[in-house]
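# Observations on the model geometry
Okay, here's what each chain looks like letter by letter:
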Amino acid sequence: MAARGLLLMGQCMPCIKHNASKIRIRRMELDKNLNMYFKKDTFYFAHDPQKLCKTGDVVLIRELPERMTRLITHSVEKVVYPLGDITDPITGKKVVVGKYREDIEMANQLFGKSDKAFDYEKAPPRGRLEGTKDFTHGETYIKYHEDGTEQPFAV
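Procedures and definitions
- Residues numbered from 1 in each chain as written.
- Predicted model: local features only at pLDDT ≥ 70, side-chain atom pairs only at ≥ 80, totals over all residues.
- Heavy atoms only, no water.
- Helix = DSSP H or I, 4+ residues; strand = E, 2+ residues; numbered from the N terminus.
- Buried < 20%, exposed > 50% of the residue type's maximum accessible area, 1.4 Å probe, protein only.
- Contact = heavy atoms within 4.5 Å.
- Areas by Shrake-Rupley, 256 points an atom, 1.4 Å probe, with all protein chains shown as cover.
- Pairing = 2+ DSSP bridges.
- Axes fitted to C-alpha atoms, helices over the stretch in contact; angles between N-to-C directions.
- Salt bridge = Lys/Arg side-chain N within 4 Å of Asp/Glu carboxyl O.
- Core = buried A, V, L, I, M, F, W, Y, C linked by side-chain atoms within 4.5 Å.

### Quick look at the overall build of the protein chain
- For the protein chain, the count of helices and strands is one helix and eight strands.
- Starting at the N terminus and ending at the C terminus, the protein chain contains elements arranged as β-β-β-β-β-β-β-β-α.
- Of all 155 residues assigned to the protein chain, the portion counted as buried reaches 22%.
- Within the protein chain, contacts between residues at least 6 apart in sequence are counted, and of these 46% link residues at least 24 apart.
- For the protein chain, the exposed area adds up to about 11,700 Å²; of that, 55% sits on carbon and sulfur atoms.

Below you can see the structure in the form of structure tokens.
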């Protein structure tokens, strides 16, 4: 494989490979008959021995100089946006629905904060609910049959 050094941005998906992550790269492909663009997903397996990315994270991957295995052709460079808090890519500010958090705080100072309002400063980071409601850290496996038992880590 040629070492072009391409960087691709994609989203981490559930994967059953050890020391690797499955990354979805979404591109827009032109349909010349309709003259419209449609989503086209390409999946790559990226070497990730430190388990940097969790399911749902947006990551940068780089093509390896040569393949590690038949499937693993890239390596994870860094986590750009972890799943959870949404960050505007241009300004780098945190966003809630369609407004910047700073603007919400300014409005709260002007008009008074509601008692029921969510406080983002006191909120714990992602990973607080691992094992209870968040199962993105668990080892995934392929579900081969339906036997009626609870299988939270099955793909």
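### Considering the sheet that holds strand E2 (residues 20-31)
- With respect to topology, five strands assemble into a closed barrel ordered E1-E2-E3-E5-E4, the strand pairing being mixed. Strand-to-strand twist of the sheet, defined as the mean angle between neighbouring strand axes without regard to direction, takes the value 50 degrees.
- As paired strands, E2 and strand E3 (residues 36-47) are joined by 12 bridges and run antiparallel to one another. Bridging across to E3, arginine 24 finds its partner in phenylalanine 43.

### Here's the deal with the sheet that holds strand E8 (residues 99-100)
- Taking strand neighbours across the sheet as the criterion, the three strands line up as E6-E7-E8 in an open arrangement whose pairing is antiparallel. The open sheet has two free edges, formed respectively by strand E6 (86-87) and E8, since each of these has just one partner strand.
- By the bridge criterion, two bridges tie E6 to strand E7 (residues 94-96) in an arrangement that is antiparallel. Within E7, the residue paired with isoleucine 86 across the bridge is valine 95.

### Considering the pattern of salt bridges
- Inspection of every chain in the model, using the stated rule, returns five salt bridges.
- One salt bridge connects aspartate 41 with arginine 26, and the closest N-O pair in it is separated by 2.9 Å. One end of the pair, aspartate 41, is in strand E3; the other, arginine 26, is in strand E2, with 15 residues separating them in the sequence.
- Close ionic contact of aspartate 119 with lysine 113 constitutes a salt bridge, the shortest N to O distance being 3.8 Å.

### Observations regarding the nonpolar core
- Counting residues in each nonpolar core, the largest one holds nine residues, listed as Leu8, Cys12, Ile23, Ile25, Ala46, Cys53, Val59, Ile61 and Val76.
- Excluding its chain neighbours within four sequence positions, the residues that come into contact with isoleucine 23 are Gly10, Gln11, Cys12, Thr42, Phe43, Tyr44, Ala46, Val59 and Ile61.
- Listed in part, the five residues of the second largest apolar core include Ala20, Phe45, Leu64 and Ile72.

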